[in-house]
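Summary of structural features
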Amino acid sequence: SPAQKLVFNRVNGKRPQVLLQQVSAPEECYTLAHEENVRFVYEAWQQVEQQLDSSQSGESACGPVQYVEKTPNPGLKNFVPIDLEEWWAQQFLAKIENCS
């Protein structure tokens, strides 16, 4: 049988903040400044996603614009972006397996 894939479901397209705490290893120590930076980037990105969603649904005439390259680089034609959620899931499972 194929390997099971860990899936993180989002509520209304938003990542729950609890997930960030579950993924981090207990031995890792983050400073207050680090946590503030992560929170700032997370909240700013959530605002961008909301504005992008509302501009695509026609609710707003202005807002963020998603960049689309007009002339793609031929060297990148086989480029596959990394699935960060899958990568984090694999890291999380690997830590669990190593601890047991």
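The rules behind each value
- Residues numbered from 1 in each chain as written.
- Predicted model: local features only at pLDDT ≥ 70, side-chain atom pairs only at ≥ 80, totals over all residues.
- Heavy atoms only, no water.
- UniProt positions renumbered as here; feature names shortened; annotations may be inferred.
- Helix = DSSP H or I, 4+ residues; strand = E, 2+ residues; numbered from the N terminus.
- Buried < 20%, exposed > 50% of the residue type's maximum accessible area, 1.4 Å probe, protein only.
- Expected span 1.5 Å × (residues − 1).
- Arc of directions from axis to C-beta.
- Polar contact = N/O pair within 3.5 Å; in protein donor to acceptor, adjacent residues only side chain to side chain.
- Patch = residues over 30% accessible without salt bridge, like charges linked within 9 Å, V, L, I, M, F, W, Y side chains within 5 Å.
- Areas by Shrake-Rupley, 256 points an atom, 1.4 Å probe, with all protein chains shown as cover.
- Salt bridge = Lys/Arg side-chain N within 4 Å of Asp/Glu carboxyl O.
- Phe/Tyr/Trp six-rings, centres within 6.5 Å; stacked < 30°, edge-to-face > 60°.

As annotated in an unreviewed UniProt entry, the protein chain carries the name MCRI2 protein and is attributed to Campylorhamphus procurvoides. If you open the UniProt record of the protein chain and go to Sequence similarities (unreviewed entry), you find "Belongs to the MCRIP family."

**Describing the overall build of the protein chain**
Counting secondary structure elements, the protein chain contains 3 helices and 0 strands. Taken from N to C terminus, the helices and strands of the protein chain fall in the order α-α-α. Considering the protein chain as a whole, with its 100 residues, one finds that 10% of them fall into the buried category.

**Regarding helix α2 (residues 32-56)**
In an α-helix, one turn spans 3.6 residues, which is why side chains three or four residues apart end up on the same side. The first and last C-alpha atoms of α2 sit 36 Å apart over 25 residues, in line with the 36 Å expected at 1.5 Å per residue. Buried residues of α2: Y42, Q46, L52 and S54, and no others.

**Things to note about helix α3 (residues 84-99)**
With 16 residues, α3 extends 22 Å from end C-alpha to end C-alpha; this agrees with the ideal 22 Å at 1.5 Å per step. Within α3 the residues assigned to the buried category are E85, E86 and A89. Each buried residue of α3 lies within a common arc of 95° when the element is viewed along its axis, so the set occupies one face. With respect to the buried face of α3, the exposed residues turned more than 90 degrees away are N98 and C99. The backbone nitrogen of E85 has a side-chain oxygen 3.2 Å away, supplied by the residue at the start of α3, namely D83.

**Re a nonpolar patch on the surface**
Together, I82, L84, W87 and W88 make up an exposed nonpolar region whose accessible area comes to about 430 Å². Within the fold, I82 resides in the loop between α2 and α3. Taking relative accessible area as the criterion, I82 reaches 58% and is therefore assigned exposed.

**Notes on the packing of aromatic side chains**
Throughout the structure, instances matching the rule amount to 1 aromatic pair. Ring centres of W87 and W88 lie 5.0 Å apart, and the angle between their planes is 80°; this geometry places the pair in the edge-to-face category.

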